[in-house]
Amino acid sequence: MLETVAPLVSFPPVSTVSRALPSQRPRDVRAPLSGGVSSANVLMGLAAVLALTLAGLVGFEAANWDRVAPGVTVLGTSVGGLSRQDAAARIAPSVDVLLGRPLKLAYGDRAWNTSARDLGLRLDPADLALASYRVGREGNPASRLGEQLGALLSGRSIAVDGTTDQAALDGSLTKIAREVDRPPRDAGLVLNSKDGTFQYQAAETGVALDVPGSRERITRAMVLASPAADLVVRETPPLVANEQVQTARDQLQRLLGSTGSEAPLTLTFGKQRWPLERAEVLKLVSLEQPARAGQPVSVKLDEASLQAFVGKLAKDVNQEVQNARVQFTNGSLKVLRESRDGRVLDQAATVQLLRTRLLAGERTAEIPVAATRPTVPSDDLKSLGIVELIDRGSTSFAGSLPEKQANIKLAAERLNGVLVPPGGTFSFNKEVGPTTLEAGFQWGFGITTGSEGVKTVPSVAGGICQVATTLFQPVFWSGYPLEERYPHTYWIPAYTSRGVVGLDAAVDSDAGLDFRWINPTDTYVLIQSATDESNLYFALYGTKPTWKVDVSPADISNRTPADPKPVAEPEPSFVWGRTLQVESAREGFDAVVTRSVTPKGAEPRTLKLKTTYAPSRNVTLVGTKGKPATASVEDALAKVVGDKEAAAAAAAEPARATGTPAASATNAASAQAPAADATARPAATAGAAGAAPTATAVPAAAVPTRAPAAATTPPAPAATTVPATAPTPVPTARTGGASAPQAAPTPAPTRAAP
């Protein structure tokens, strides 16, 4: 419905108005006014004016009592003085023009052309005529009269506020909303980790048509005959604005560069360079989307991938410090191996460096590497003080398995040319390095202990304990302090040095057994090794220490007889019918050797080297691979024992002829060279406990009641300290003793326990 801005006033008939007028009777009669005019005359004049006015008003009202008040217009059309029907008829053309007039709805640079009628505006000429008719017909008589006079004198336009078909208008707005509405779009950055490309999406503000606000604005434009109306739209800002992504976008651009460009980052150390290629950087980079509004997208470097890369880099950068190795020949030194600085990459600092430099888009970075100078440099040989022979020693490996001989030669080669600096400590395990198949060592036999007791089993690097023992002896006789030394479990006669028993050394890096000694002098000590077909030689060169060395005879006690009963142990790596004696019965005993080293003007250093040797057994390995069901290991052992007894009887006749005591066949066959290795407590503690048993033994009669005393000053040894007819050694332990005199079997992958 249309509402009138100024409703018409409806006056009642004049008679009604006259009856409503109050009676007018003068209450007082006053004296005539000054100037000669009486008050009665004035009152009469006023009454006449009032009467004329009322008569005019009554006439005006009478003339328009059923018509629109003069001066009223609708839609620019005058309807004053017309009846309601005539007014509606006159308004109708204007209404039709209004409803059909084009109306342009606009939002931004977009527009929709329509009309008031299409948008659902409804205007009824009769309603407009009624609204014009009500002008001056509402309220009290005075207000009605005033409104009519106002229209007459100043004019009155009826405001058009027509009814609107709500459903029709909302339907039109809904269609427009489909074209206008769009959700907010966050700025985005997507990285393709395969090819390094990335897609950037700009942020976009979300908009939604405000239907109530637009409806009100359109209606107002229609009734005011406005040619256009701006739609009302609500905006929703994105959660992630462009500036929140731009930083990450720029970072990626700097970090990755373009395909085919130079490496994003090159790491340097000195003259070495490690390019960090684009593909490698892609493995490290990721994008982290904001968790809350207002937070930016950020470029992240995956910590685990970064550390893995640095760990791989460290393998290329790191290197062990390498001391020079030299050879002393004819009074002069020759470099066998150049020294080399050690390098260690600071991995934590490198991770932080990469994180900073990559995100900053820098192209080079010097990695943090700590360098270690070698204690034995190769650039100043004259300062080493290598001028003379200090001491030497040797042992024989004649008759040993080829595998043992190869192991001895390999270990000796790795020790040749080692220099022990002033104040430095020599470590056998460190200088020899890994004793593995990969390092070149071969299978032999070793001693293991477990729930079944002591057993000889296939093992790797058999023979290297002979190398340790051969080096230990000149070190001992020269008076150098011992830091760590382990003896064998069984006494090995071939390891007797200068008539003194108890001067052997066992090593096993897997079990933590090492041979270490200290050079307390102010000059270097050079270790030189050599081998021939049957002997191992070690010599110490440098400047002879000025101290005096005294070694007492070995004190032998606590003899324990051996059990001579033959023992057969099955060996699944041997084929049936193959036997190998790996241990021989020999008594055990304790040996204490005391060494006193007296520097000039100082108190002596005294070392009590105590070793406990356990009694050994007669052990023969019997192959069981392919053994017949009816055969037994014991039968095979009995045959071996019988054959040996016959051989011993045949050998006894020449011995009786010369008056030399004959040993048993079993003992004679095994009383040869160094046996398998074992473990014990360090010599520095002077307490030696039995460890893993060795693989051979010698007759108990060979154990001296008291070993001959060593010279106060050790004599200069010959090129070899064993006879030319050195006995043949038998199998060795994992940590390095003698090997069996036969071809080694294809061993099972068993490690010998100490």
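This text gives an overview of the structure that appears in the document.

Rules used throughout
Residues numbered from 1 in each chain as written. Predicted model: local features only at pLDDT ≥ 70, side-chain atom pairs only at ≥ 80, totals over all residues. Heavy atoms only, no water. Core = buried A, V, L, I, M, F, W, Y, C linked by side-chain atoms within 4.5 Å. Buried < 20%, exposed > 50% of the residue type's maximum accessible area, 1.4 Å probe, protein only. Helix = DSSP H or I, 4+ residues; strand = E, 2+ residues; numbered from the N terminus. Contact = heavy atoms within 4.5 Å. Axes fitted to C-alpha atoms, helices over the stretch in contact; angles between N-to-C directions. Parallel < 35°, antiparallel > 145°, perpendicular 65-115°, else oblique. Left-handed = near helix turned anticlockwise from the far one by under 90°. Nonpolar A, V, L, I, M, F, W, Y, C, P; charged D, E, K, R; others polar. Pairing = 2+ DSSP bridges. Expected span 1.5 Å × (residues − 1). Arc of directions from axis to C-beta.

1. Topic: the nonpolar core
Within soluble globular proteins, side chains that are nonpolar tend to cluster in buried spots. Counting 53 residues, the largest nonpolar core has Phe 426, Phe 476, Phe 515 and Trp 517 as the members making the most contacts within it. No other element matches the 9 residues that helix α14 (residues 464–478) contributes to this core. Once residues within four sequence positions are removed from consideration, Trp 517 is found in contact with Val 420, Gly 424, Thr 425, Phe 426, Val 475, Tyr 480, Pro 481, Leu 482, Glu 483, Val 525 and Ile 527.

2. Looking at the environment of Asp 66
Of note, Asp 66 is situated in the loop between α2 (39–64) and β2 (72–74). Sequence-wise, Asp 66 and Gly 81 are 15 residues apart; in three dimensions their C-alpha atoms are separated by 8.8 Å. Among residues more than four places away in sequence, those in contact with Asp 66 are Ser 83, Tyr 133 and Arg 137.

3. Topic: the packing of helix α6 (residues 166–180) against helix α7 (residues 211–223)
Following both chains from N to C, one finds α6 and α7 inclined at 115 degrees, their axes separated by 11 Å at the closest point. In terms of their interaxial angle, α6 and α7 are classed as roughly perpendicular. For the pair α6 and α7, the crossing hand works out as right-handed. Two secondary-structure elements touch here, α6 through Gln 166, Leu 169, Asp 170 and Leu 173 and α7 through Val 211, Ser 214, Arg 215, Ile 218 and Thr 219. The residue makeup of the contact of α6 with α7, split by class, is 4 nonpolar, 3 polar and 2 charged.

4. Quick look at the sheet that holds strand β5 (residues 110–115)
Reading across from one edge, β5-β4-β13 is the order of the 3 strands in this open sheet, with mixed pairing throughout. Every other strand in the sheet has two partners, leaving β5 and β13 (228–230) as the edge strands with one partner each. Geometrically, the sheet is characterised by an average inter-axis angle of 25 degrees between neighbouring strands, direction not taken into account. Two elements, strand β4 (residues 102–107) and β13, share 3 bridges in a ladder whose sense is parallel. By the bridge assignment, Leu 105 is partnered in β13 with Ala 229. Contacts from α7 reach β4 and β13 within the one sheet, and its direction differs from that of β13 by about 165 degrees.

5. Thoughts on the pairing of strand β20 (residues 332–337)
The pairing of strand β19 (residues 325–329) with β20 spans 5 bridges and is classified as antiparallel. Across the sheet, Arg 325 pairs through a bridge with Arg 337, a residue of β20. In sequence, β19 turns back onto β20 through a hairpin of 2 residues, with Asn 330 there showing a positive phi of about 55 degrees.

6. Some remarks on helix α10 (residues 303–317)
Taking 1.5 Å per residue as the helical rise, α10 with its 15 residues ought to reach 21 Å, and the 20 Å between its terminal C-alpha atoms agrees with that figure. Every buried residue belonging to α10 is among Leu 306, Phe 309, Val 310, Leu 313, Ala 314 and Val 317, and all of these are buried. The buried residues of α10 all sit within an arc of 145 degrees when viewed along its axis, so they share a single face. Projecting away from the buried face of α10 at angles above 90 degrees are the exposed residues Ala 304, Ala 308, Lys 312 and Lys 315.

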